[in-house]
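Residues per chain are reported as follows:
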Amino acid sequence: MSHDVLSPPRPLDPRGHGARRASRGPRQDRAGADAAPRRLLAPTFLISAAFLVLVLLWALVPAWFTSYDPYQSDAAAKLLPPSSTHLLGTDSLGRDSFARLVHGTRTTLLTSLLALTIAFVVSSVLGLLAGYVGGIVDDAIGRVIDVTLAVPGLLVSLMLVTGLGFGAVNIAIAVGVSSIASFTRVMRAQVLRVRQADFVTAAEFGGVRFWTILRRHVFPHAIAPVTALVALEFGAAILAISALSFLGFGAAAPEPEWGSLVASGRDYLAFAWWLTILPGTVVVLVVLAANAVARQIEKVG
Amino acid sequence: MTSEHQPPTPILDVRDLSIAYTRGRESVTAVDSVSFALAPGDRLAIIGESGSGKSSIVNSLLGLLPENSRRSATSVRFDDVDLSALSSETDWNQVRGHRIAFIPQDPTIALDPVMRIGPQVVETLTLHGGLERRAARGRTLELLDQVGIRDPERVFRAHPHELSGGMRQRVLIAIALAGDAELIIADEPTSGLDVTVQGVVLDLLDEVVRSHGVSVVLITHDLAVAGARADQILVLQDGRIIESGRTAEILAAPRSAYTRRMLEAAPSIHHTKLAASAEARERAVPAAPGGSDRGQSLLELRGVVKEYSRRGLGQGTFRAVDEVSLAVPAGSSLGIVGESGSGKSTLARIATGIVRPDQGQVLYRGENVTHRRGAVKRRLFSQMQYVFQNPYSSLDPRFSVAEVIAEPLDALQATSRSERDRRVAEVLDAVGLPADIARRSPTELSGGQRQRVAIARAVALRPPLLVLDEPVSALDVTVQAQILQLLADLQAEFSLTYLFITHDLAVVRLLCDDALVLENGHVVEHRPVADLFADPAEDYTRALLAAIP
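Because the structure is a prediction, the values reported are computed rather than measured. (Residues numbered from 1 in each chain as written. Chains lettered and ligands numbered in written order. Predicted model: local features only at pLDDT ≥ 70, side-chain atom pairs only at ≥ 80, totals over all residues.)

## Quick word on the packing of helix H16 (residues 447-460) of chain B against helix H17 (residues 477-494) of chain B
Residues and elements named next belong to chain B. Condition: For helices, the fitted line uses only the C-alpha atoms of the stretch in contact; every axis is such a line through C-alpha atoms, and the angle between N-to-C directions lies from 0 to 180 degrees. Put simply, DSSP marks the helices as runs of H or I at least four residues long and the strands as runs of E at least two long, and each gets a number from the N terminus on. When describing relative orientation, an angle under 35 degrees is termed roughly parallel and one over 145 degrees roughly antiparallel, while 65 to 115 degrees is termed roughly perpendicular and anything else oblique. In this scheme the handedness of a crossing depends on how the near helix is turned from the far one: anticlockwise by less than a right angle means left-handed, clockwise means right-handed. With C-beta atoms placed from the backbone, a contact is any residue pair whose C-beta atoms sit within 7 Å. All amino acids are sorted into three groups, where Ala, Val, Leu, Ile, Met, Phe, Trp, Tyr, Cys and Pro are nonpolar, Asp, Glu, Lys and Arg are charged, and the leftover types, Gly among them, are polar.
Put simply, H16 and H17 touch, their axes get as near as 10 Å, and they point 15° apart. Judged by the angle between their axes, H16 and H17 are roughly parallel. Of the two possible hands of crossing, H16 and H17 adopt the one that is right-handed. Here Gly-447, Gly-448, Gln-451, Arg-452, Ile-455 and Val-459 of H16 come into contact with H17, specifically with Val-479, Gln-482, Ile-483, Leu-486, Leu-490 and Phe-494. Its residues placed into classes, the contact of H16 with H17 shows seven nonpolar, four polar and one charged.

## Some thoughts on the environment of B:Ala176
Residues and elements named next belong to chain B. Formally: Exposed residues have 12 or fewer other C-beta atoms within 10 Å of their own C-beta, buried residues have 20 or more, and partly exposed residues fall in between, where C-beta atoms are placed from the backbone.
Here Ala-176 is to be found in helix H6 (residues 165-178). With 28 C-beta atoms packed within 10 Å, Ala-176 lands in the buried category. With 57 residues separating them in the primary sequence, Ala-176 and Pro-119 have C-alpha atoms 14 Å apart.

## Focus on the confidence of the model for chain B
Low pLDDT means the predicted atomic positions in that stretch should not be read closely. Filter applied, for reference: On a scale of 0 to 100, pLDDT captures the predictor's confidence in every residue.
Per-chain confidence: chain B averages 84 in pLDDT, with 94% of residues scoring 70 or above. The ipTM, which scores confidence in the relative placement of chains, is 0.70 for this predicted complex, and the corresponding pTM is 0.73.

## Focus: the pairing of strand E3 (residues 43-47) of chain B
Taken residue by residue, a regular strand's side chains alternate between the two faces of the sheet. All names here are of chain B. Worth spelling out the cut-off: Strand pairing is assigned whenever DSSP identifies at least 2 bridges connecting the two strands.
Within E3, five of the five residues are buried, leaving the element largely enclosed by the surrounding structure. Here E3 shows a buried face lined by Arg-43, Ala-45 and Ile-47 and a second buried face lined by Leu-44 and Ile-46. Bridge count between E3 and strand E9 (residues 215-220): five bridges; the pairing is parallel. When the sheet's bridge partners are listed, Ile-46 is paired in E9 with Ile-219. Two strands pair when backbone bridges link them, and E3 and strand E10 (residues 232-237) are joined in this way by four bridges, in the parallel orientation. Note that in E10 the partner of Ala-45 across the bridge is Ile-233.

## Some remarks on the domain arrangement of chain B
Note the cut-off: Note that the domain bounds reflect an automated or database-derived domain assignment.
Segmentation of chain B into domains returns domain 1 (1-99 + 181-197 + 206-264), domain 2 (109-180), domain 3 (297-309 + 317-383 + 466-549) and domain 4 (395-462). Here the C-alpha centre of domain 3 of chain B lies 38 Å away from the C-alpha centre of domain 2 of chain B.

## Section: the environment of B:Gln491
All names here are of chain B. One can find Gln-491 in helix H17. Among the residues examined, Gln-491 registers 21 C-beta atoms within 10 Å and is labelled buried. With 20 residues separating them in the primary sequence, Gln-491 and Leu-511 have C-alpha atoms 9.8 Å apart. Look past the residues within four positions of Gln-491 in its chain and what remains in contact with it is Ala-276, Leu-496 and Tyr-498.

Structure follows, in structure tokens:
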């Protein structure tokens, strides 16, 4: 009955140590159950979430936020500092920096999303196979992951993008592939846990086919922590995508993109700092907000 | 202070104890005005099924109630201490672990896994007994010897994981003695142990009560254990005392219907095989087309061996199953009995083809299916199904009951939607569940209902053979009895053959024709159940028989 669930018999070590250890139990229980809704109302979370919603709206309906055309240059308004007409100033061709930031959001977010999707899909399949089949498959996948994890992610991305060539899709692939290793590790660990459950063996007894068991009984019970990781990696993906665009691997020249915005302002840093610092600040804020939201989701479970 | 029982001065006196838990805006009463008193040297058994409030009472006596609980009581007095007045952990530590010792269900969590056994006992002696280290060491060895540990020196140096469950419980009892406890609270102290060890641990507890004059509160769900081990019994249901008194009186003349049901449900009080109910026999389907094969062996194992490599230090292999041969005649039930580690579950998995034997053969209706794969393997799954021990783990919580039952039907017998729905409704009815349960999630069901769903899934395919792996040991006693009756009924109704894995010979007597006793992977005895009970040939079997409470 319900109260047995609420108060699992806690061990007590007759020496007293256990008593202290055990007494921590109830508080953790509470954190899990009662306190969860309240935690979602924490101010950091609220501010972060609101900011992300705003950024999402930039991506979906940029026209709501700026009336300037991001491609329209204006020779009379070159390198203007931030003002009420040009919120983030203008660049060397007189284009409105805020308009370029807002219109570039879609490219950056879509590229990050694509990168995460690639990482999620590939690592799910690898993690399921490694964890469920085990044996030599597990060993093979495990070794490759270990090697990949030993190399910094950005370096892997750079190597890939050099081979694949430039473009938004290619940097998405490059960033996605570099995150596969850590995702696969988490997925594999979850699968190892889930496959112990009797309902998985029961499905085997029920004659359910291999891939169906994985899809129906293992995958849905294993993805929760991986999803949390995806949310957590979202900020890192934006950062990596922006870094690659900054280096010039991303979207082609006139198209606005966060990383390339930062890069293009670099030459004027001495007298038009806003071109670099302000878009850069936005990237940093988005990454921080994404992390804050992801951690909250992870905590609440 | 007045007392109903008028004992000398009770060591524990609980009056009108109520405990409620709040979750969100709801408040659930777990314990409702419970009063009892315990005289020094007395043994009180608190009996109830899961959810009856036993654990809440224990936790309140140990100051371990969670923060979302509210407790009220006229008095909770332990000797000269008012437990209801203790608030800080420091206050509790004066009593708990020192004067009140606790023996939990799972001894592993009460011992520090990274500390050797010796120092854990020594610590209690130096902390509470004021002994200096050297003297404490000698006293520890003495205590370990007293609790029946044959090799105290070795155990002193051992880490908890190197000891068996029974040994760990003994160590905890030794720690209780070291602290000079006046009251031992034992919460299902033996339900995690093998049957033959259970008796020994309970005997030891009795011995301690006699020799040290300690009082015991024994929490159990097993009336048989309470009957043999307690002076007083308190029967709890839904947080209320529904019966209390001297043990002999309650066993002789239980007043409440609930206690009577519990008494009747105890598997050990039945001495013959359960008969199928009249309705089940009426509903029995005539033998499957192809003629009756009653008497011929449906499943046969010949010299089956399974070895596992030992993990860690590379100590070679370990034989989980050692040259086991057996035959299950169609329509009969074979019980495979053994303690944990005897290889019975491995044997069941070999029989069903989930695990492959290293040597030997598996025959189904005379056909060698040892190395089945692909289509043959799938065909055999519709011939034999498996029922797991733990109904909380064997049903996918994301599925509805109907989906759970329909899954093997869809996978193995391509049927139309309506046919499938009809079959699901049919088996739900056969296992005694209401039809509207089909749309619900297993997580909303009780343990007994879940096990019925698991059984329904297994019989939905109409397999001739069911392998039942401890199907009742995770359930409450009264529920156990219902599930055993259901299995007897289903056997008659669908002419099923059972391979029944259990640690409990009493259950075998209820359900099986033959019994195979397994010890460390090899067969000790394989005989008809009646013979086995009348005249056990082996010491090991006698130990198992003696373990029936």
